[in-house]
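In case you want the letters, here they are:
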Amino acid sequence: MLKGKHIILGICGGIAAYKSATLLRLLVKAGAEVQVVITPAGKEFITPVTLSALSGKPVVSEFFSANTGEWHSHVDLGLWADAMVIAPATASSIAKMAHGVADNMLITTYLSAKAPVFVAPAMDLDMMAHPSTVANLELLRSYGCHIIEPAEGELASHLVGKGRMEEPEKIFDVLDDFFTPKDLAGRRVLITAGPTRERIDPVRYISNYSSGKMGYAIALEAARRGADVTLVSGPVSIGIDHPRVRVVSVESAREMLDASMAAWPESDVAVMCAAVADYAPASAADSKIKREHQDVPVLHLVKNPDIAATLGQCKRPGQILVGFALETDHEIDNAAEKIRRKGLDAIVLNSLRDAGAGFGVDTNKVTIIAADGTSTPYPLKPKAAVAADIIDYITTKN
Ligand code: PMT
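Residues numbered from 1 in each chain as written. Predicted model: local features only at pLDDT ≥ 70, side-chain atom pairs only at ≥ 80, totals over all residues. Heavy atoms only, no water.

Bringing the overall build of the protein into the picture now. When you go through the protein residue by residue, the secondary structure sums to 13 helices and 21 strands. The burial tally for the protein puts 48% of its 398 residues in the buried class. By sequence separation, contacts in the protein at least 24 residues apart represent 66% of the contacts at least 6 residues apart. Accessible surface, the protein: about 19,100 Å² in total, of which carbon and sulfur atoms supply 54%. Here the protein contributes 40 positively and 46 negatively charged side chains, and the mean placements of these two sets differ by 3 Å. (Helix = DSSP H or I, 4+ residues; strand = E, 2+ residues; numbered from the N terminus. Buried < 20%, exposed > 50% of the residue type's maximum accessible area, 1.4 Å probe, protein only. Contact = heavy atoms within 4.5 Å. Areas by Shrake-Rupley, 256 points an atom, 1.4 Å probe, with all protein chains shown as cover. Lys, Arg positive; Asp, Glu negative; His and termini not counted. Charge placed at Lys NZ, Arg CZ, Asp CG, Glu CD.)

Here is the structure:
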């Protein structure tokens, strides 16, 4: 979302300035054009050489270039920007911004900026808690600035408390989220993800290789686009951090069915990405099955409920139900048959015959097949980009 966006990165004089280099890299990597504006004190903490090398642009700090006398126009910069982010913002710069003390290039640029301004404070805990800082931040909020609250943790003083500048990745996410269209605002989306585990005894289970990466990417994309997401997840080792995602952790297919059915009546869309075990042991042993005490045990399996089909049976008009199909052969025919059998509106087909697709990997190659048989193939992409294609498909075709 930041591709081609003009971002002013303001850097003040604080120890957290070293983290600004990481933020700058993330912005540039995402395709943004970044102009660094640094206060004189900021240059004591990170050098303009580092910042100009990373941004590919000379760093602006003074009103005039010392060698040529060239005037640096804060007005032009303020008009050029799509967003301004000040990270770190010190107590002194926050006070100057709040009261219009235009004594350096960063503050004059801020006062001239027409674009949204994001402020990531960083200071010692007592400075952060001081009534003047609290009041100044409140003033900035009242001017429309977005304050990216500092985190709690160990500070440069070795004291522990609130004042650590938020991590660059989180600041990046705030900016990215700001520019992401909220075309799912007000919609509720249910996603299933990961594998299920079907207990044999307290130490053994039947499962599969799903890592949850694909389902979690869809959940994150739906939330970024404004949806309230319920993510029903089997056991995985990844996490998700978004205020609009509620995770319901389950283990077995039966638990996944119960959690999905609880969320489905209130949902507008469901995407069934979980790799649900088709069979479970008829009963789980209460204690560990010992190798010494018996012959090779025989596992009696029973069919698990089909979660997607159960949701399909009680689908209301207007609800959208999208399944996944993981195939190894006769992909299109098998996927089309699943659409009919499970009452789906569309199915996302991925084949284990495609290198880089399916379980565990960070990429996927999918074809989305609609209930009317039309299919839309996509090239191999990172799972985050596949998730965006799936959400685009859902929002444009329905
Ligand atoms: O988690 P990753 O490592 O990122 O891998 C992603 C993935 C390969 C798991 C994912 O892309 C995928 O293909 N998920 C569906 C896997 C699967 O179980 O496919 P299936 O063809 O067996 O099932 C068809 C559909 O019915 C799926 O939407 C599935 O969630 C659903 N189903 C299946 C069985 C069952 N008992 N209940 C179900 O709801």
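Another point: the sheet that holds strand S17 (residues 346–351). Judged by pairing direction, the sheet is mixed, and its eight strands sit side by side in the order S12-S11-S8-S13-S16-S17-S19-S20 without closing on themselves. Sheet topology places strand S12 (245–249) and strand S20 (375–377) at the edges, where each strand pairs with a single neighbour. Each adjacent strand pair in this sheet contributes to an overall mean axis angle of 15°, direction not counted. Taken together, the four bridges between strand S8 (residues 188–193) and strand S13 (residues 269–272) define a ladder with parallel strand orientation. Bridge pairing in S13 links Val189 to Val269. (Pairing = 2+ DSSP bridges. Axes fitted to C-alpha atoms, helices over the stretch in contact; angles between N-to-C directions.)

Our focus in this paragraph is the domain arrangement of the protein. Here the protein is described as being made up of domain 1 (6–179) and domain 2 (188–397). For domain 1 and domain 2, the distance between their C-alpha centres works out to 42 Å. (Domains from an automatic or database assignment.)

Our next topic: a nonpolar patch on the surface. Taken together, the side chains of Ile15, Tyr18 and Phe45 define a hydrophobic patch exposed on the protein surface, amounting to about 330 Å² of accessible area. Counting through the fold element by element, Phe45 comes out in the loop between strand S2 (33–38) and helix H2 (48–55). (Patch = residues over 30% accessible without salt bridge, like charges linked within 9 Å, V, L, I, M, F, W, Y side chains within 5 Å. Salt bridge = Lys/Arg side-chain N within 4 Å of Asp/Glu carboxyl O.)

What follows deals with the packing of helix H1 (residues 17–29) against helix H8 (residues 168–179). At a minimum axis distance of 9 Å, the contact between H1 and H8 shows a crossing angle of 40°. One element, H1, and the other, H8, form an angle in the oblique class. Taken as a pair, H1 and H8 cross one another with a handedness that is right-handed. On H8, the residues touching Lys19, Thr22, Leu23, Leu26 and Leu27 of H1 are Pro168, Glu169, Ile171, Phe172 and Leu175. Here the contact of H1 with H8 is composed, by residue class, of seven nonpolar, one polar and two charged. (Parallel < 35°, antiparallel > 145°, perpendicular 65-115°, else oblique. Left-handed = near helix turned anticlockwise from the far one by under 90°. Nonpolar A, V, L, I, M, F, W, Y, C, P; charged D, E, K, R; others polar.)

Ordered in space as S2-S1-S3-S4-S5, the five strands form an open sheet in which the pairing is parallel. A strand with exactly one partner marks an edge of an open sheet, and here the two such strands are S2 and strand S5 (146–147). Where strand S4 (residues 117–121) lies against S5, two bridges are found, and the strand directions are parallel. For Phe118, the partnering residue across the bridge sits in S5 and is His146. Each of strand S1 (6–11), S2, strand S3 (83–89) and S4 is contacted by helix H5 (residues 105–112), which is oriented at about 145° to S3, the strand it contacts most.

Attention now moves to the pattern of salt bridges. Scanning all chains against the criterion turns up 25 salt bridges. The salt bridge involving Arg199 is made with Glu251; its shortest N-O contact spans 3.7 Å. Here Arg199 is found in strand S9 (residues 198–201), whereas its partner Glu251 is found in the loop between S12 and helix H10 (253–263), with 52 residues between them in sequence. Overall, the relative accessible area of 28% leaves Glu251 in the partly exposed class. Overlapping salt bridges, with partners in common, bring together Asp176, Asp183, Glu221, Arg224, Arg225 and Asp392 in one network.

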